[in-house]
Amino acid sequence: METRTVKATLKYYRMSPRRVREVADIIRGKRAEEAQNILDFTNRRAAGTLKKLLNSAIANAENNFSMDPDKLFVTEIAVDEGPMWKRFITKSHGRASRIVKRTSHVTIVLGEKIVKEA
């Protein structure tokens, strides 16, 4: 049995990787259609963005590689840390505190199982 894969990437998403990973862990290993339904009913801000990314990967598979969308499943989903935006906020007595605004890079890989006939 062989697997064909297709991927879609989202870079510089303005949300902490930790929060995105919570949603990504839910859909890892699921069928694409089932993952879409899960993301529809997940009450997290990252769910909407991950659904758009999943739909993009499905469209890539269908249009660029002529894969059947009903046979696709999430083989891999990785949430990595992007660059951090460093900002300052003023505090009392002339001090300043640092604020770190984190970004995420998300990569989703969809696979389609191909059964070779002998």
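Scroll up to find the structure.
The notes below deal with the structure included here.

Calculation notes
- Residues numbered from 1 in each chain as written.
- Predicted model: local features only at pLDDT ≥ 70, side-chain atom pairs only at ≥ 80, totals over all residues.
- Heavy atoms only, no water.
- Core = buried A, V, L, I, M, F, W, Y, C linked by side-chain atoms within 4.5 Å.
- Buried < 20%, exposed > 50% of the residue type's maximum accessible area, 1.4 Å probe, protein only.
- Helix = DSSP H or I, 4+ residues; strand = E, 2+ residues; numbered from the N terminus.
- Contact = heavy atoms within 4.5 Å.
- Arc of directions from axis to C-beta.
- Salt bridge = Lys/Arg side-chain N within 4 Å of Asp/Glu carboxyl O.

Some remarks on the nonpolar core
Inside soluble globular proteins, nonpolar side chains tend to come together where they are buried.
Item 1. Judged by nonpolar contacts, the single largest core of 27 residues is most densely connected at Val20, Leu50, Leu54, Ile108 and Leu110.
Item 2. Elements supplying a minimum of two residues to this core: strand 1 (2-13), helix 1 (17-27), helix 2 (32-40), helix 3 (45-65), strand 2 (72-81) and strand 5 (104-114).
Item 3. Among the elements that take part in this core, helix 3 stands out by supplying eight residues, more than any other.
Item 4. Excluding its chain neighbours within four sequence positions, the residues that come into contact with Leu110 are Arg4, Thr5, Val6, Leu54, Ala57, Ile58, Leu72, Phe73, Val74 and Thr75.

Examining helix 1
Item 1. Restricting attention to buried positions, one finds in helix 1 the residues Pro17, Val20, Val23, Ala24 and Ile27. Viewed end-on, helix 1 has its buried residues packed into an arc of 130°, placing them on one side of the element. The exposed set on the far side of helix 1, more than 90 degrees from its buried face, consists of Arg18 and Arg19.
Item 2. Looking one or two residues past helix 1, Gly29 carries a phi angle of roughly 85°, positive in sign.

So, the pattern of salt bridges
Item 1. Per the stated rule, a full pass over the model turns up four salt bridges.
Item 2. Note that Asp25 and Arg28 form a salt bridge whose closest N and O atoms lie 2.7 Å from each other.
Item 3. A salt bridge links Asp40 to Lys51, with the shortest nitrogen-to-oxygen separation between them at 3.1 Å. Of this pair, Asp40 sits in helix 2 while Lys51 sits in helix 3; the two residues are 11 residues apart in sequence, bridging distant segments of the chain.
Item 4. A residue is classified by how much of its surface remains accessible, and Asp40, at 44% relative accessible area, is partly exposed.
Item 5. Judged by its relative accessible area of 23%, Lys51 is partly exposed.

Things to note about the environment of Ala57
Item 1. When you line up the elements, Ala57 lands in helix 3.
Item 2. When the C-alpha atoms of Ala57 and Val6 are compared, they prove to be 6.9 Å apart, with 51 residues separating the residues in sequence.
Item 3. Setting aside residues no more than four positions away along its own chain, Ala57 makes contact with Val6, Ala8, Ile108 and Leu110.

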